[in-house]
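# Residue-level structural notes
Chain residues, written in single-letter form:
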Amino acid sequence: MNGPYLRHVARATAIPGALLFLLAVLVHPKRDGPHIAEVGQLYGVTHGLEAVGLLLQALGLVALAWLGTDRLRPRDLTAVFAALLGTIWYFGLIVVDGTRNPVTAKYAPELVHTSGDLDSGTAIIVLPALVLFPLGYVLLGLLQARHGARSTGLLLGAGAVVYTVGGLAIFGLGPASPAIEVLEIVGVVPYTIGFVLMTRSWSAAAAISGVRPAPARREP
């Protein structure tokens, strides 16, 4: 694949994907069983948007990794692939959440987003996702910082961690806690900004150099 095509793929997938994920989190309904049962299909629709956004981001990461293959060290590529793995696993979590919990909310709303509804099949998807997603983007953020894009790395890594803490808070504070929504929004906003800045930086570097670029332009 040539550079211009990969740059187009990266920008056409990563940036819309990040913005779509942000939008879905912003309009996400409350997470307790009775409210999920009340809103009906809206819960599934928001998770569908999140899933599509994550899938687009994953495709964008693949294109960005390909752009940097010739100049990234193995350690650098490990960070990119860790973020890709975390994104794919979180995609699985969102699909499980958006398809399983509306049904559970209809028949047993008190079980939604509690440990009582976490069987082994669900745990295989949910628990690794809650670790791999923030870990992957912390590593990707550190990669940005090593190449001079410290603010982009901080937005990306810290945003992913705070967003994921919101998801973990469901089990500690209960699904009806307003802190969950606050944490997820406070996290997803900088995460999205960081993801967009990273994509634009890598694409711009490739366009200027005419070859596969380093991860990001150095910030002053």
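No experiment lies behind these values; they were computed from the predicted model shown. Counting restarts for each chain, with residues numbered from 1 along the sequence as it is written. Selection of residues for local features in this predicted model requires a pLDDT of at least 70, selection of side-chain atom pairs for listing and counting requires 80 or more, and totals for whole chains, interfaces and linings are taken over all residues. In computing side-chain properties, one takes all heavy atoms of the structure into account and sets aside hydrogens as well as water.

### Remarks on the side chain of R31
Short version of the rule: The way it works is that DSSP assigns letters per residue, a run of H or I at least four long becomes a helix, a run of E at least two long becomes a strand, and they are numbered from the N terminus. Categorising residues by exposure relies on relative accessible area from a 1.4 Å probe, with only protein chains included: less than 20% of the type maximum marks a residue as buried, more than 50% marks it as exposed, and the intermediate range marks it as partly exposed. By the criterion applied in these results, polar contacts are pairs of N or O atoms within 3.5 Å in which, for protein atoms, one can donate a hydrogen and the other can accept it, and in which residues neighboring in sequence qualify only through two side-chain atoms. The contact definition used throughout considers only heavy atoms, calling two residues in contact when any of these lie within 4.5 Å.
By the secondary structure assignment, R31 is in the loop between α1 (3-26) and α2 (33-39). Note on R31: relative accessible area 5%, which makes it buried. In this structure the side chain of R31 is engaged in a polar contact, spanning 2.6 Å, whose partner is the side chain of E184. The contact partners of R31, leaving out residues within four places of it in the chain, are I36, V112, H113, I170, P175, I180, E181 and E184.

### Describing the side chain of T13
Tracing the backbone through its elements, the reader meets T13 in helix α1. Among the residues examined, T13 registers a relative accessible area of 12% and is labelled buried. A polar atom in the side chain of T13 sits 2.6 Å from the backbone oxygen of V9. A polar contact is formed between the side chain of T13 and the backbone oxygen of A10, at a distance of 3.4 Å. Contact partners of T13, with chain neighbours within four places excluded, come to L56, Q57, L59 and G60.

### Here's the deal with the environment of G40
With respect to the element layout, G40 can be found in the loop between α2 and α3 (41-67). The sequence separation of G40 and V103 amounts to 63 residues, and the corresponding C-alpha distance is 9.5 Å.

### Quick look at the pattern of salt bridges
This is how it is decided: One side-chain nitrogen of Lys or Arg within 4 Å of one carboxyl oxygen of Asp or Glu is enough to make a salt bridge.
This model, assessed by the stated rule, comprises four salt bridges. Where R146 meets D76, a salt bridge forms, and the shortest distance between an N and an O atom there is 3.0 Å. Linking R146 in helix α5 (residues 120-146) with D76 in helix α4 (residues 74-107), this pair joins segments that are 70 residues apart in sequence. Its relative accessible area of 1% is what places D76 among the buried residues. Residue D117 is joined to R100 by a salt bridge in which the shortest nitrogen-to-oxygen separation is 3.1 Å. Taken together, the residues D117 in the loop between α4 and α5 and R100 in helix α4 connect sequence positions 17 residues apart. For R100, a relative accessible area of 28% corresponds to the partly exposed category.

### A closer look at helix α6 (residues 150-173)
This is how the line gets drawn: Here the expected length of a helix is defined as 1.5 Å per residue gap, with one fewer gap than residues. Two axes enter the bend calculation: one fitted to the seven residues ending at the residue in question, the other to the seven starting there, and the bend is the angle between them.
Here α6 is 24 residues long and its end C-alpha atoms lie 33 Å apart, about the 34 Å a rise of 1.5 Å per residue gives. If you look at α6, its biggest bend is around 30 degrees, right at G167. Taken as a whole, α6 has its buried residues at T152, G153, L156, G157, G159, A160, Y163, T164, G166, G167, A169 and I170. Positive backbone phi, approximately 95 degrees, marks G174, located one or two places after α6.

### A few points about the packing of α4 against α5
This is how the line gets drawn: Only the stretch in contact is used when a helix axis is fitted, and all axes are lines through C-alpha atoms; the angle between N-to-C directions ranges over 0 to 180 degrees. Each crossing gets its hand from how the near helix is turned against the far one by less than a right angle, where anticlockwise is left-handed and clockwise is right-handed. Classification used: nonpolar for Ala, Val, Leu, Ile, Met, Phe, Trp, Tyr, Cys and Pro, charged for Asp, Glu, Lys and Arg, polar for all others including Gly.
The geometry of α4 relative to α5 is characterised by a closest axis approach of 7 Å and an angle of 145 degrees between their N-to-C directions. Judged by the sense of rotation from one axis to the other, the crossing of α4 with α5 is left-handed. Grouping the amino acids of the contact of α4 with α5 by side-chain chemistry returns 21 nonpolar, five polar and four charged.

### What about the nonpolar core?
Note the threshold: Think of a nonpolar core as a cluster: buried Ala, Val, Leu, Ile, Met, Phe, Trp, Tyr and Cys residues, connected wherever their side-chain atoms sit within 4.5 Å.
Of all hydrophobic cores here, the largest spans 39 residues; its most connected members are Y90, Y137, L140, Y191 and F195. Elements with a minimum of two residues in this core: α1, α3, α4, α5, α6 and α7 (178-209). With residues up to four places along the chain from it excluded, the contact list for Y90 reads L54, A129, L130, F133 and Y163.

### Considering the confidence of the model for the protein
Which entries qualify depends on this criterion: What pLDDT conveys is the predictor's confidence in a given residue, as a value from 0 to 100.
Averaged over the protein, the pLDDT score is 88; the fraction of residues at 70 or greater is 90%. α7 is the least confidently modelled element of the protein, averaging 87 in pLDDT, while α6 averages 95, the highest of any element.

### Points about the packing of aromatic side chains
Basically, it comes down to this: Planes of paired rings set the category: under 30 degrees apart is stacked, over 60 is edge-to-face and the rest tilted, where pairs are Phe, Tyr or Trp rings (Trp by its six-membered ring) whose centres lie within 6.5 Å.
For the coordinates displayed, the defined rule picks out 10 aromatic pairs. Where Y90 meets F133, the ring centres are 4.7 Å apart and the plane angle is 35 degrees; that geometry is what we call tilted. In this pair, Y90 sits in helix α4 while F133 sits in helix α5, placing the two residues 43 residues apart along the sequence. Exposure class is identical for Y90 and F133. Each is buried. Aromatic rings pair up to connect F21, Y90, F133, Y137, Y163, Y191 and F195 into one cluster.

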